[in-house]
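One letter stands for each residue in the lines below.
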Amino acid sequence: MTMPGVNRRQLLRGATVAASGVVGGLAVQTPAGAAEGAVRTDCAPPLGPVKAGPDDTRYAYLVRRGQKRWVGTPDQVWVVGSTEQVVAAVQEAVDSGRRVAVRSGGHCAEGWVDDPAVRVLIDMSGMTQVGYDPARRAFAVEPGATLGEVYRRLVLGWGVTIPAGWCPGVGAGGHICGGGYGVLSRAMGLVVDHLYAVEVVVVDADGRARAVVATRDASDPNRELWWGHTGGGGGNFGVVTRYWLRTPGAEGTDPGQLLPRAPKSAIVFSAQWPWQALDLDKTKFTRLIRNHMDWCERNSAVGAPATRLYADLTVGRKANDLNLVSGQVFGADAADLLEDYLSTLGAGVGAPVGVVKTEQPWLAAALDGPNSDGYRLKIKSGYLRKGFSDAQLSAIYENLTREQDPTLLFGSVGIAGYGGRISAVAPDATAFPHRDAVMRVQYTAAWVAADRDAAQVDWLRRLYREIYADTHGVPDPKDGAYINYPDDDLADPAVNTSGVPWSTLYFKDNYPRLRKVKATWDPKNIFSHTLGIEPPKATR
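Everything numeric in this text was worked out from a predicted model, so none of it was measured.

A. Examining the sheet that holds strand β4 (residues 76–79) more closely. As summarised here, the arrangement of the four strands in space is β3-β4-β6-β5, forming an open sheet in which the pairing is mixed. The sheet terminates laterally at β3 (50–52) and β5 (100–103), the two strands that pair on one side only. Averaged over all adjacent pairs, the angle separating strand axes in this sheet is 20°, with direction ignored. Of the pairings in the sheet, the one linking β5 to strand β6 (residues 120–123) comprises four bridges and is parallel in character. Bridge pairing in β6 places A101 opposite L121.

Have a look at this one:
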């Protein structure tokens, strides 16, 4: 069974790219080609606020927008359309003593948003604007906008883009503050490397909700709040209502020069080495993975031509008969880079089958990315600074070839290229510390039936535990885990028996600083979840 994109990852208020508008009271300039300085101030008022309770016809949809394994039961869902509405929703939750959570795109990999303890849910899908803010010389992005809509507006409006995720249906809200990694990151860095400012609704020690803007400017007294959102993850400090994006060092007032230029075109590719083509041979299978990892190690230096090539090798269970590499490459030498990569991957293994190479405008490629919605998922992840050991490759082979429950539709290990411009940023310059890895690994189980949840989660836990058997069932702390795919197992001592705190795996040396940000901006710990940043005990 082939499930493209299962290893990766617009409700309201649509608008065309050609129209500018007012974003939360900010005048937003029209794209290039309109009259210079033209601004619209006659836009319709923002959607909402909608307050839907269990008897509202909209409630069932709103509590099911997240991961299929969980359905929330909040007392009410606010669908908000402005920063002011978010302030009101947070204030009401605080005044009533009810726990609050936030949903943007609905792709949280764990049940944080749909936790039974959450009684007030703030749904950001009414805040989808993307536009240029001339006052800040930066692009304003509201958190409810999907990545696909962000790409569409930035490219068609100004010819620029951000190096965000491959899945166009993911919401900008949680993706950006988790770091923001995607197919262009090896060439352009993470999204947070281009984050200029953030607007956040926070709650002070007196229980008062208010909106704060924090920038990366050294003189900004709120700068640490900005820093906390450059990889500190969503749901930790407050509710993000707006991001501003501008590449550091970008000069002038021409919007087309303030973010990376979007590639003109890209070759989207895939190739397969089915289990039958590998003769179920362990040597060929492990050689395929080793070839990919060796290529990643050799081609992850800052500025290396091959960092314009993103490749994700996904090896799946024997029952799926699928070992697939997919990705994108851009630039004048894209075809040569791809040919070299595929030749390297097949060395000693054999030629792939089902090879597809499609050159298309980059925006078309971005909007045609994968989508894993519709499945029940368990995801775990990690980073690699070097390839898997022989013992780890053996563990992958044994787990993928062992007879398994047929209701597990897809079980896989995905290894994607990393490094490049990501490693050009110091680990403490942003809250995202994983800057020295050359590969990102994702472990996925996908199924449909709710009564198989425990069995399929156990399958993935066993795979993960055996791969990391030499480090007590978790990635080596020197390499870490992946914050964009939160894993509650790391906070469960019955599953994580390593003795290494989840905060060390996620945040490494940045965690103490993040706790200080938490103490300053969320002293009452209003925004919390299983892997939430804990304020120092003295402030609680």
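B. Highlighting the environment of L245. Relative to the helices and strands, L245 is located in strand β11 (residues 239–245). Residue L245 is classed as buried on the basis of its relative accessible area of 0%. In sequence terms L245 and L258 are 13 residues apart; their C-alpha atoms lie 8.4 Å from each other. If we skip the residues at most four places from it in the chain, L245 touches A138, F139, V141, I162, V191, H194, L195, Y196 and L259.

C. Spotlight on the pairing of strand β9 (residues 195–203). The buried fraction of β9 amounts to nine of the nine residues, a majority that puts the element mostly inside the structure. Pairing of β9 with β11 involves six bridges; the strand directions are antiparallel. Bridge pairing links L195 to L245 in β11. Across seven bridges, the pairing between β9 and strand β10 (residues 209–215) is antiparallel. Bridging from a neighbouring strand, V201 pairs with A211 of β10. Between β9 and β10, which pair antiparallel one after the other, the connecting turn spans five residues, and G207 there sits at a positive phi close to 80°.

D. Main features of the packing of helix α10 (residues 390–401) against helix α11 (residues 453–467). The geometry of α10 relative to α11 is characterised by a closest axis approach of 8 Å and an angle of 160° between their N-to-C directions. When the interaxial angle is binned, α10 and α11 end up roughly antiparallel. As for how α10 packs across α11, the hand of that crossing is right-handed. Between α10 and α11, the contacting residues are Q392, A395, I396, N399 and L400 on the first element and W459, R462, L463, E466 and I467 on the second.

E. Up close: the environment of D193. Along the chain, D193 turns up in the loop between α5 (185–188) and β9. In this structure D193 comes out as buried when scored by relative accessible area, which is 13%. Linking D193 and T430, residues 237 residues apart in sequence, is a C-alpha distance of 7.7 Å. Residue contacts for D193: discarding those within four places in its chain leaves P248, V425, T430 and R435. At 2.8 Å, the side chain of D193 forms a polar contact with the side chain of R435.

F. View of the nonpolar core. In terms of nonpolar packing, the biggest core is built from 82 residues, with L154 and I162 touching the most fellow members. Here this core takes six residues from helix α3 (residues 147–158), the largest share from any one element. Ignoring anything within four residues of it in the chain, the contact list for L154 reads V130, F139, G159, V160, T161, I162 and L259. If you look at the next biggest cluster of nonpolar residues, it comprises 49 residues, including F269, A306, A334 and I415.

G. Representation of the pairing of strand β13 (residues 309–316). Buried residues dominate β13, accounting for eight of its eight residues. Across the two faces of β13 the burial is the same, with L309, A311, L313 and V315 and Y310, D312, T314 and G316 all buried. As judged from the seven bridges shared by β13 and strand β14 (residues 323–329), these two strands associate in the antiparallel manner. The partner of L313 across the bridge, within β14, is V325. As consecutive antiparallel partners, β13 and β14 are separated by six residues, and within that stretch D321 has a phi angle of approximately 50°, a positive value. Both β13 and strand β17 (residues 410–417) contribute to a ladder of five bridges, which runs antiparallel. Note on β17: the bridge partner recorded for L313 is I415.

Cut-offs applied
- Residues numbered from 1 in each chain as written.
- Predicted model: local features only at pLDDT ≥ 70, side-chain atom pairs only at ≥ 80, totals over all residues.
- Heavy atoms only, no water.
- Pairing = 2+ DSSP bridges.
- Helix = DSSP H or I, 4+ residues; strand = E, 2+ residues; numbered from the N terminus.
- Axes fitted to C-alpha atoms, helices over the stretch in contact; angles between N-to-C directions.
- Buried < 20%, exposed > 50% of the residue type's maximum accessible area, 1.4 Å probe, protein only.
- Contact = heavy atoms within 4.5 Å.
- Parallel < 35°, antiparallel > 145°, perpendicular 65-115°, else oblique.
- Left-handed = near helix turned anticlockwise from the far one by under 90°.
- Polar contact = N/O pair within 3.5 Å; in protein donor to acceptor, adjacent residues only side chain to side chain.
- Core = buried A, V, L, I, M, F, W, Y, C linked by side-chain atoms within 4.5 Å.

Limitation: the analysis is restricted to geometry and does not speak to function.
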